[in-house]
Amino acid sequence: MKKIRYYSSFLPNQKVLKKYFTNKDYEKKLYTLISNHSNIINPKKKYKLTNGSGFLVEEMASNPISLNFLNFLTSIIKPKYILEIGAFIGLSTMELTQNLKKGGKVVSLEKYEKFHKICKKNFNKNRLDKKINIVLGDALETLKYKKFKYKFDFIFIDGNKEKYKEIFVECEKLISKNGIIAVDNIFNQGDVLNKNPKTPKGAGVKRFLKYVRHKKYSSSILPFYDGIMLIKN
Ligand SMILES: C[S@@+](CC[C@H](N)C(=O)[O-])C[C@H]1O[C@@H](n2cnc3c(N)ncnc32)[C@H](O)[C@@H]1O
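First things first, this report covers the structure right here in the doc. (Residues numbered from 1 in each chain as written. Predicted model: local features only at pLDDT ≥ 70, side-chain atom pairs only at ≥ 80, totals over all residues. Heavy atoms only, no water.)

Each helix and strand in the protein chain was counted, giving nine helices and seven strands. Relative to the compact-globule value of 17 Å for 233 residues, the protein chain shows a C-alpha radius of gyration of 18 Å, a close match. Overall, the protein chain is about 60 × 40 × 35 Å in size when its C-alpha atoms are taken along their principal axes. Taken over 233 residues, the protein chain has a buried fraction of 45%. Across the protein chain, the centroid of the 47 positively charged side chains sits 5 Å from that of the 20 negatively charged ones. (Helix = DSSP H or I, 4+ residues; strand = E, 2+ residues; numbered from the N terminus. Rg over C-alpha atoms; globule rule 2.2 N^0.38 Å. Buried < 20%, exposed > 50% of the residue type's maximum accessible area, 1.4 Å probe, protein only. Lys, Arg positive; Asp, Glu negative; His and termini not counted. Charge placed at Lys NZ, Arg CZ, Asp CG, Glu CD.)

Written out as structure tokens, the structure reads:
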């Protein structure tokens, strides 16, 4: 009898899990099914967006399935204060405002002035500027030296992969009791699986994974997009 391996059947596009599919364009059809059944609205239609960053939204911003997941998760947590590392044009930042408690805020840390400017425009256009505080500067420096008046119920780490471990260490001090930290791109396009990662980002994410493993948090890794890790305080 053929041995079934757990690693052969945990992603929907692996052979065993699509054996009854007889058509073409499996990923496209699966994406459509997921979109339709989770009421995913194309973010470019949901929000009035200025880009002009030099990068495609599809390239740098969270995938709509990830945005939908963040929305669903925060609808359960019902956070008052959220911290985000890495805003790009502010798509995830705006999505994170959707389930804030009354008077709540999303604080987002963005290093580059050009993205910071675009974010400001997008937050104004979508009348979300009162719910968001975007801080310009290197995230690690901001985390080390800014005095935050409150702890955060949800933290989304999605920028400066090279320093993920150091950023996470600062976030451990800022997360509220029972708060959740979500860390994006924890596979870094497969680089973390290399014994010696090829990129500084891969090496940074790998150092973070090693650190967090020893801390024995309650955690879960969702293998969609580039891998998202959830860690419970
Ligand atoms: C993947 S993008 C963020 C995407 C966004 N969270 C979303 O889902 O739409 C990463 C962002 O992190 C920012 N970033 C990179 N290094 C940073 C640093 N040292 N401090 C703060 N932000 C940084 C980049 O400029 C970029 O905007």
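In this section: the packing of aromatic side chains. Scanning all chains against the criterion turns up 13 aromatic pairs. Relative to phenylalanine 152, the ring of tyrosine 150 has its centre 5.6 Å away and its plane inclined at 85 degrees; by these criteria the two rings are edge-to-face. On the basis of relative accessible area, tyrosine 150 is assigned to the partly exposed category, the value being 23%. Its end group placed over the ring of tyrosine 26, lysine 18 keeps NZ or CZ at 5.1 Å from the ring centre. (Phe/Tyr/Trp six-rings, centres within 6.5 Å; stacked < 30°, edge-to-face > 60°. Lys NZ or Arg CZ within 6 Å of the ring centre and 35° of its normal.)

Another point: the environment of asparagine 185. Within the secondary structure layout, asparagine 185 lies in the loop between strand S5 (175-184) and helix H9 (200-215). Once the C-alpha coordinates of asparagine 185 and methionine 229 are considered, the two residues, 44 residues apart in sequence, prove to be 8.4 Å apart. With sequence-adjacent residues up to four places away left out, asparagine 185 is seen in contact with Asp158, Lys161, Tyr164, Val205, Tyr225, Asp226 and Gly227. (Contact = heavy atoms within 4.5 Å.)

Bringing the site of the ligand into the picture now. Taken together, 20 residues form the shell around the ligand, and within it Ser62, Ser92, Glu110, Asp138 and Asp158 come nearest. In the model, a nitrogen atom of the ligand is placed 3.2 Å from a nitrogen or oxygen of the lysine 111 main chain. Aspartate 138 places a side-chain nitrogen or oxygen 2.8 Å from a nitrogen atom of the ligand. For the ligand, the accessible surface in isolation is 610 Å², of which the surrounding protein chains cover 92%. Elements with a contribution of two residues or more to the shell around the ligand: helix H5 (91-96) and strand S2 (105-110). Broken down by class, the residue content of the shell around the ligand amounts to nine nonpolar, six polar and five charged. (Near = heavy atom within 4 Å. Polar contact = N/O pair within 3.5 Å; in protein donor to acceptor, adjacent residues only side chain to side chain. Areas by Shrake-Rupley, 256 points an atom, 1.4 Å probe, with all protein chains shown as cover. Nonpolar A, V, L, I, M, F, W, Y, C, P; charged D, E, K, R; others polar.)

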